[in-house]
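# Residue-level structure breakdown
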Amino acid sequence: MEQKALSIRPFIGAKDFNLSRQFYRDLGFEETKLGPEMSVFKSDNLAFYLQNAYVKDWIDNTMVFLEVENLDLHWKALSALGLPEKYKTVRVSTIKKDYWGKEYFVHDPSGILWHFGEFFK
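Residues numbered from 1 in each chain as written. Predicted model: local features only at pLDDT ≥ 70, side-chain atom pairs only at ≥ 80, totals over all residues. Heavy atoms only, no water.

Here the focus is the overall build of the chain. A count of helical and extended segments in the chain gives 4 helices and 9 strands. Relative to the 2.2 N^0.38 estimate, which gives 14 Å for 121 residues, the radius of gyration of the chain is 15 Å and therefore close to what a compact globule would have. By principal-axis analysis of the C-alpha atoms, the chain measures approximately 45 × 40 × 25 Å. Of the contacts formed within the chain by residues at least 6 apart in sequence, a portion of 51% connects residues at least 24 apart. Counting only carbon and sulfur atoms, one obtains 53% of the accessible surface of the chain, whose full area is about 7,900 Å². In the chain, 16 positive and 17 negative side-chain charges are present, and the distance between their average locations comes to 4 Å. (Helix = DSSP H or I, 4+ residues; strand = E, 2+ residues; numbered from the N terminus. Rg over C-alpha atoms; globule rule 2.2 N^0.38 Å. Contact = heavy atoms within 4.5 Å. Areas by Shrake-Rupley, 256 points an atom, 1.4 Å probe, with all protein chains shown as cover. Lys, Arg positive; Asp, Glu negative; His and termini not counted. Charge placed at Lys NZ, Arg CZ, Asp CG, Glu CD.)

Below you can see the structure in the form of structure tokens.
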């Protein structure tokens, strides 16, 4: 296909929509409410849709990878937010190194697994 892609926006669900909305705002995303059941969250040119929808198998198998410029600084800034203390089901891992780069993991309030990573150059 010769058309230029402009963005890709995954849809993710939420067990508690309002709690997840607050979590993503705390994480630094800008929210635009699209209606009572859906919002779009943006950071620069990146975005995803959060839906007021919960299907356990879907949520338990949803993973999102977000590449960042400097993972060490990103992890330090995110860790300073104290998200696991604010949200009882949120977990933040330490940084892991692999052959391709390094990453750390965050489980959101619903259980969605976010990978924050930096590829080796």
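Read on for the rest.
Moving on to helix 3 (residues 71-80). Measuring from the side-chain oxygen of the N-cap residue of helix 3 to the backbone nitrogen of Asp 72 gives 3.2 Å; that N-cap residue is Asn 70. Gly 82, located one to two residues past helix 3, shows a positive phi value of around 65°. (Polar contact = N/O pair within 3.5 Å; in protein donor to acceptor, adjacent residues only side chain to side chain.)

So, on to unusual backbone geometry. The backbone of Asp 44 shows a phi angle near 55°, a positive value even though the residue is not glycine. Structurally, the position occupied by Asp 44 is in the loop between strand 3 (38-43) and strand 4 (46-51). For Asp 44, a relative accessible area of 77% corresponds to the exposed category. (Buried < 20%, exposed > 50% of the residue type's maximum accessible area, 1.4 Å probe, protein only.)

So, about the pattern of salt bridges. Summed over all chains, the structure comprises 5 salt bridges. The shortest N-O distance in the salt bridge between Lys 86 and Asp 26 comes to 2.6 Å. One end of the pair, Lys 86, is in helix 4 (residues 83-86); the other, Asp 26, is in helix 1 (residues 17-26), and 60 residues separate them in sequence. Overall, Lys 86 belongs to the partly exposed group, its relative accessible area being 49%. Here Asp 72 ties to Lys 102 by a salt bridge, and the two come within 2.7 Å at their closest N and O atoms. In this pair, Asp 72 sits in helix 3 while Lys 102 sits in strand 8 (residues 101-107), placing the two residues 30 residues apart along the sequence. Its relative accessible area of 12% is what places Lys 102 among the buried residues. One continuous salt-bridge network, built from bridges that share partners, spans Arg 21, Arg 25 and Glu 31. (Salt bridge = Lys/Arg side-chain N within 4 Å of Asp/Glu carboxyl O.)

In terms of nonpolar packing, the biggest core is built from 24 residues, with Tyr 24, Trp 114 and Phe 116 touching the most fellow members. Among the secondary structure elements, those contributing two or more residues to this core are helix 1, strand 4, strand 5 (63-67), helix 3, strand 8 and strand 9 (113-119). Sorting elements by how many residues they give to this core places helix 1 first, with 3 residues. (Core = buried A, V, L, I, M, F, W, Y, C linked by side-chain atoms within 4.5 Å.)

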